Amino acid sequence: MTTATRVRPDWDTYFMDMAKLASRRSSCLRRAVGAVLVKDRRVLSTGYNGVPSGVTHCEATGCLRERLNVPSGERHELCRGLHAEQNAIIQAAFHGVSIREAVLYCTTLPCIICAKMLINAGVRRIVYLDGYADSLTEEMLGEVGMELVRVGERAP
């Protein structure tokens, strides 16, 4: 393919494509989410939503949230899994990588729990595809001046 015929993605598209790829590893039965933490155009860590290492996947146990009829965006503690953003933060910590001043690329806007973690971890910008049913997230992120950027729609 020649340079003239291909479209080189901008940085936000490039890293969001990585987040979409990470979401394919999700073991969640309700929503596949991927996250990538980036600093200075370098990937620091990735994450996807699913149960902790060594825990039986929801595909085998069934979805606790479905069983209890928990709506999206509510009662986050009633889930066997971790969010993609949480896993990205944990992976960075596990490997001793600072995410201060990083950018989060995530296929979904973080929930309020993840938003608070990202604020305290020093993340400065969040780029996301889809919204999330958690109004407190945008309010709190706005209060601390977090840059939020919603990019194009997620491809089917």
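Data block above holds the structure.
Residues numbered from 1 in each chain as written. Predicted model: local features only at pLDDT ≥ 70, side-chain atom pairs only at ≥ 80, totals over all residues. Heavy atoms only, no water.

### Side note on the overall build of the protein
Consideration 1: If you tally the helices and strands in the protein, you get 6 helices and 5 strands.
Consideration 2: Starting at the N terminus and walking to the C terminus, you meet the elements of the protein as α-β-β-α-α-α-β-α-β-α-β.
Consideration 3: Radius of gyration (C-alpha) of the protein: 16 Å, near the 15 Å computed for a compact globule of 156 residues.
Consideration 4: Each principal axis of the C-alpha atoms in the protein carries an extent, and together these give about 55 × 40 × 30 Å.
Consideration 5: For the protein, the residues scored as buried account for 38% of the 156 residues in total. (Helix = DSSP H or I, 4+ residues; strand = E, 2+ residues; numbered from the N terminus. Rg over C-alpha atoms; globule rule 2.2 N^0.38 Å. Buried < 20%, exposed > 50% of the residue type's maximum accessible area, 1.4 Å probe, protein only.)

### Regarding the nonpolar core
Consideration 1: By size, the foremost hydrophobic cluster in this structure holds 23 residues, and its most contacted members are A35, L37, I99, L104, L118, V123 and I126.
Consideration 2: Secondary structure elements with two or more residues in this core: strand 1 (34-39), helix 4 (84-94), strand 3 (103-108), helix 5 (112-121) and strand 4 (125-130).
Consideration 3: Among all residues touching I99, those that are not within four sequence positions of it are L37, L44, I89, A92, A121, G122 and V123.
Consideration 4: With 9 residues, the next largest nonpolar core counts M16, A19, V127 and L129 among its residues. (Core = buried A, V, L, I, M, F, W, Y, C linked by side-chain atoms within 4.5 Å. Contact = heavy atoms within 4.5 Å.)

### Observations regarding helix 1 (residues 11-23)
Each α-helix winds once per 3.6 residues, and so residues spaced three or four apart point in a common direction.
Consideration 1: For helix 1, built from 13 residues, the straight-helix expectation of 18 Å at 1.5 Å per residue is met to within 8% by its first-to-last C-alpha distance of 19 Å.
Consideration 2: Of the residues making up helix 1, those classed as buried are D12, F15, M16, A19, A22 and S23. Burial along helix 1 is one-sided: seen end-on, the buried residues are contained in an arc of 105°.
Consideration 3: Packing partners of the buried residues in helix 1 comprise strand 1, strand 2 (42-48), strand 3 and strand 4.
Consideration 4: For helix 1, the N-terminal cap is D10; the gap from its side-chain oxygen to the backbone nitrogen of D12 is 3.1 Å. (Expected span 1.5 Å × (residues − 1). Arc of directions from axis to C-beta. Polar contact = N/O pair within 3.5 Å; in protein donor to acceptor, adjacent residues only side chain to side chain.)

### Looking at the side chain of S26
Consideration 1: With respect to the helices and strands, the residue S26 is situated in the loop between helix 1 and strand 1.
Consideration 2: For S26, a relative accessible area of 14% corresponds to the buried category.
Consideration 3: A polar side-chain atom of S26 sits 2.8 Å from a polar atom in the side chain of N49.
Consideration 4: If we skip the residues at most four places from it in the chain, S26 touches R31, A32, V33, Y48 and N49.

### Some details on the pattern of salt bridges
Consideration 1: What the rule picks out here adds up to 5 salt bridges.
Consideration 2: Among the ionic pairs, D17 bridges to K20, the shortest N-O distance being 3.7 Å. Placement of the pair is D17 and K20 together in helix 1, with a separation of 3 residues, close to one helical turn.
Consideration 3: Put simply, R75 and E77 hold a salt bridge, and the shortest N to O gap is 2.6 Å.
Consideration 4: Residue classification places E77 among the exposed positions, given a relative accessible area of 51%. (Salt bridge = Lys/Arg side-chain N within 4 Å of Asp/Glu carboxyl O.)

### Notes on the side chain of Q86
Consideration 1: By secondary structure assignment, the location of Q86 is in helix 4.
Consideration 2: You can call Q86 buried: its relative accessible area is 11%.

No statement about biological role is implied by the geometric values presented.
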